[in-house]
Amino acid sequence: LKLQFLYLIGAPFPVHMPSMLICAAVLLAAPLLAHAALPPGFEDEMFCPAHYCLARKPDIPAGFTGPKTAFWECISDKGEPKQVPKPWGKKLGEEVRSVLLRSGHHMLHCHERTCEEARAVSLSHRDARNYHPQCQAGGKLYKHRQCHHDCWCVDVESGETISWDSSQCPADDEL
C-alpha cells in the first residue's frame, strides 16, 4: 500500500519514512540557519560608511539570536536611511578590512560623539531636510525627546533611539 501511494504521488523509487523525516527536518531548519550567528572570524568588527555611526538597534526582543549585524545599524548624520553594517573578521583577510578602511568605512559608535559634535556635523550639510540633534545646555548631552517630522526618545548620552513613542520620553528637566 505504501509503495502504491508513493507511486501515485510520483515518487520514482521507494522512499522510506525515516529518510523522509530527515529531509523534512533539514528543509524546515534551513530558513532558521540562514539567520543564525556566524562562526568566529567572520563578524569580529562592524564598519559603517562615512557620515554614519554605529548604534545598537532599539527594541530587540529578548532571546533574539542572529548575526551581529542583526543587532546593530549604521545611523546617518545627514538624515539618510539607516544601513546594515558591513561585517569583517580575521577569516575574511586583512585585504578586505583594508578595502573597507580605504573606502571611508569606520567603527565609530554613535555614543562616542557628544550631541554638539553630532549637531555640528549635521548642520555642516546645510540641508533643511536633514535631522539635526537637539542638545541640552552645555552641548554634551542630547535632549530626551528628538523631533524631525515625528518625535522619538533617545538616550541622553549616546543619542541612540530608545523608544519611538515620544510620550514615553522623560522631561529634560528630570535629569
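Position labels on residues start from 1 in each chain and follow its written sequence. Where totals are concerned, whole chains, interfaces and linings use all residues; where local detail is concerned, this predicted model gives features only for residues with pLDDT of at least 70, and gives and counts side-chain atom pairs only at 80 or more. The side-chain quantities take in all heavy atoms of the structure and omit both hydrogens and water.

## A few points about the state of the cysteines
Here is step 1: Only a pair of cysteine sulfur atoms within 2.5 Å qualifies as a disulfide here. Counted under the stated rule, the structure contains four disulfides.
Here is step 2: There is a disulfide in this structure between C115 and C135, and the S-S distance comes to 2.1 Å. Between C115 and C135 the disulfide shows an S-S torsion of about -90 degrees. By sign, it is left-handed. Of this pair, C115 sits in helix α4 (residues 115-123) while C135 sits in the loop between α4 and β5 (145-148), and the two are 20 residues apart along the sequence.
Here is step 3: Here C147 engages in a disulfide with C151; their sulfurs sit 2.0 Å apart. Sign of the S-S torsion, about 110 degrees for the bond between C147 and C151, identifies this disulfide as right-handed.
Here is step 4: Each residue is placed in one exposure class: buried if its accessible area under a 1.4 Å probe, protein chains only, is under 20% of its type's maximum, exposed if it is over 50%, and partly exposed if it falls in between. Taking the relative accessible area as the measure of exposure, C147 reaches 28% and is therefore partly exposed. Numbering of helices and strands starts at the N terminus; helices are DSSP runs of H or I of at least 4 residues and strands are runs of E of at least 2.

## Remarks on the packing of aromatic side chains
Centre-to-centre distance and the angle between the planes together describe a pair of aromatic rings.
Here is step 1: Pairing of aromatic rings covers Phe, Tyr and Trp, the last counted by its six-membered ring, and requires centre-to-centre distances within 6.5 Å; plane angles under 30 degrees mean stacked, over 60 mean edge-to-face, and any other angle means tilted. For the structure shown, the criterion picks out three aromatic pairs.
Here is step 2: Seen from their ring centres, Y131 and W152 are 5.2 Å apart, and the 55 degrees between their planes marks the pair as tilted. Of the two residues, Y131 sits in the loop between α4 and β5 while W152 sits in strand β6 (residues 150-154), which places them 21 residues apart along the sequence. As far as burial versus exposure is concerned, Y131 and W152 are alike and both buried.
Here is step 3: Here a set of aromatic residues connected by ring pairs shows up, and it is made of Y131, W152 and W164.
Here is step 4: Sitting over a ring, as applied to charges here, requires NZ of Lys or CZ of Arg to be within 6 Å of the ring centre and within 35 degrees of the ring normal. The ring of W88 carries the charged tip of R97 above its face, separated from the ring centre by 5.5 Å.

## Details of the environment of G79
Here is step 1: Relative to the assigned elements, G79 resides in the loop between β3 (72-76) and β4 (86-88).
Here is step 2: Of the residues examined, G79 reaches a relative accessible area of 48% and is grouped as partly exposed.
Here is step 3: In this structure, the C-alpha to C-alpha distance between G79 and H51, residues 28 residues apart in sequence, is 9.7 Å.
Here is step 4: Contact definition: two residues touch when any of their heavy atoms are within 4.5 Å. Those residues in contact with G79 that sit more than four places away from it in its chain are N130 and Y131.

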